[in-house]
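# Structural features, examined
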Amino acid sequence: AQSVAQPEDQVNVAEGNPLTVKCTYSVSGNPYLFWYVQYPNRGLQFLLKYITGDNLVKGSYGFEAEFNKSQTSFHLKKPSALVSDSALYFCAVNDYKLSFGAGTTVTVRA
Amino acid sequence: NAGVTQTPKFQVLKTGQSMTLQCAQDMNHEYMSWYRQDPGMGLRLIHYSVGAGITDQGEVPNGYNVSRSTTEDFPLRLLSAAPSQTSVYFCASSIEPVGEQYFGPGTRLTVT
């Protein structure tokens, strides 16, 4: 069975500092990994995905994610966080059905 | 394109009532799915469809029913509402099952 884990419920950073949101996965075959973001009272928006190829994936709004097969991780990163990045972030693995992590609330303080 | 639309935005039901949450997409996507979002649990898949006439169960299907008569529409029916079904419901669609999913704005359902 596939699953993802987001070990941190909350991440707090100052504006301008690097932002990292952690995700680890468990799948039986090759992983299809995704990051989605949810702003208050909104639906989820796609940020980026890893299917195959380069381990560093670039996505929307300046976000990127690093796929690490040996550590079974897919951490989301942004070099310089903005207050507007404050939101709920979900990691997901897709093996025909999408399975989400519990989510990480990111707060970026001015 | 309107993308994925959901109605209603909010709904309050009494225990035992039934209702249908509507979902429609105008992107000609074959794959559609329903999720519920509960605090601290992420999103959990209720039912999904890989095309008109084909549906299957997800992680938490009990108490819900779906059908897919057209590519555009994928309604979710609550057969006999229970307080445990209080949640926010999201519909999503994608070109293929393992592709990027487009989400609707959600329906907040309260069952008293």
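Our subject is the structure listed above.
The paragraphs below set out a description of the structure included in this document. This one's a predicted model, so the numbers in the text were calculated from it and none came from an experiment.

### What about the state of the cysteines?
Throughout the structure, instances matching the rule amount to 2 disulfides over all chains. Between the sulfur atoms of Cys23(A) and its disulfide partner Cys91(A) the distance amounts to 2.0 Å. The disulfide joining Cys23(A) to Cys91(A) has a torsion of about -60° about its S-S bond and is therefore left-handed. Here Cys23(A) is found in the loop between strand S3 (19-21) and strand S4 (24-26), whereas its partner Cys91(A) is found in strand S10 (residues 87-94), with 68 residues between them in sequence. Between the sulfur atoms of Cys23(B) and its disulfide partner Cys91(B) the distance amounts to 1.8 Å. One disulfide, between Cys23(B) and Cys91(B), carries an S-S torsion of -70° and so falls in the left-handed class. One end of the pair, Cys23(B), is in strand S3 (residues 19-25); the other, Cys91(B), is in strand S9 (residues 87-94), and 68 residues separate them in sequence. Per residue, the accessibility class of Cys23(B) equals that of Cys91(B), and both read buried.

### Here we look at the sheet that holds strand S7 (residues 64-66) of chain B
Residue and element names in this part refer to chain B. Strand order in the open sheet formed by 4 strands is S1-S3-S8-S7, and the pairing between neighbours is antiparallel. Each edge of the open sheet is held by one strand with a lone partner, namely strand S1 (4-7) and S7. When the angles between neighbouring strand axes are averaged without regard to direction, this sheet yields 20°. In this structure, S1 lies alongside S3, joined through 4 bridges in antiparallel fashion. The residue bridging Gln6 from the neighbouring strand is Cys23, located in S3.

### Focus on the interface of chain B and chain A
By a widely used convention, the size of an interface equals the accessible area lost when the partners come together. On the side of chain A, 20 residues touch chain B, which itself brings 21 residues to the contact. Here chain B is connected to chain A by 0 salt bridges. Linking chain B with chain A are 4 residue pairs in polar contact (both at pLDDT 80 or more), by the criterion used here. At the level of secondary structure, the elements contributing two or more residues to the side of chain B that touches chain A comprise strand S4 (31-37) and strand S5 (43-51) of chain B. Looking at the side of chain B that touches chain A, the element that brings in the most residues is S5(B), giving 4 residues.

### Remarks on the pairing of strand S8 (residues 64-68) of chain A
Residue and element names in this part refer to chain A. With 3 bridges joining them, strand S7 (residues 56-58) and S8 adopt antiparallel strand pairing. Within the sheet, the bridge partner assigned to Val57 lies in S8 and is Ala65. Connecting S7 to the antiparallel partner S8 that follows it, the hairpin turn spans 5 residues, and Tyr61 within it adopts a positive phi of roughly 60°. Alignment of S8 against strand S9 (residues 73-78), held across 5 bridges, turns out to be antiparallel. What sits directly across from Asn68, in S9, is Ser73. Between the end of S8 and the start of S9, which pair antiparallel, lie 4 residues, with Thr72 showing a positive phi angle near 45°.

What counts, and where the lines are drawn
Residues numbered from 1 in each chain as written. Chains lettered and ligands numbered in written order. Predicted model: local features only at pLDDT ≥ 70, side-chain atom pairs only at ≥ 80, totals over all residues. Heavy atoms only, no water. Disulfide = S-S within 2.5 Å. Helix = DSSP H or I, 4+ residues; strand = E, 2+ residues; numbered from the N terminus. Buried < 20%, exposed > 50% of the residue type's maximum accessible area, 1.4 Å probe, protein only. Pairing = 2+ DSSP bridges. Axes fitted to C-alpha atoms, helices over the stretch in contact; angles between N-to-C directions. Contact = heavy atoms within 4.5 Å. Salt bridge = Lys/Arg side-chain N within 4 Å of Asp/Glu carboxyl O. Polar contact = N/O pair within 3.5 Å; in protein donor to acceptor, adjacent residues only side chain to side chain.

It is worth stressing that arrangement in space is one thing and function is another; only the former is reported here.
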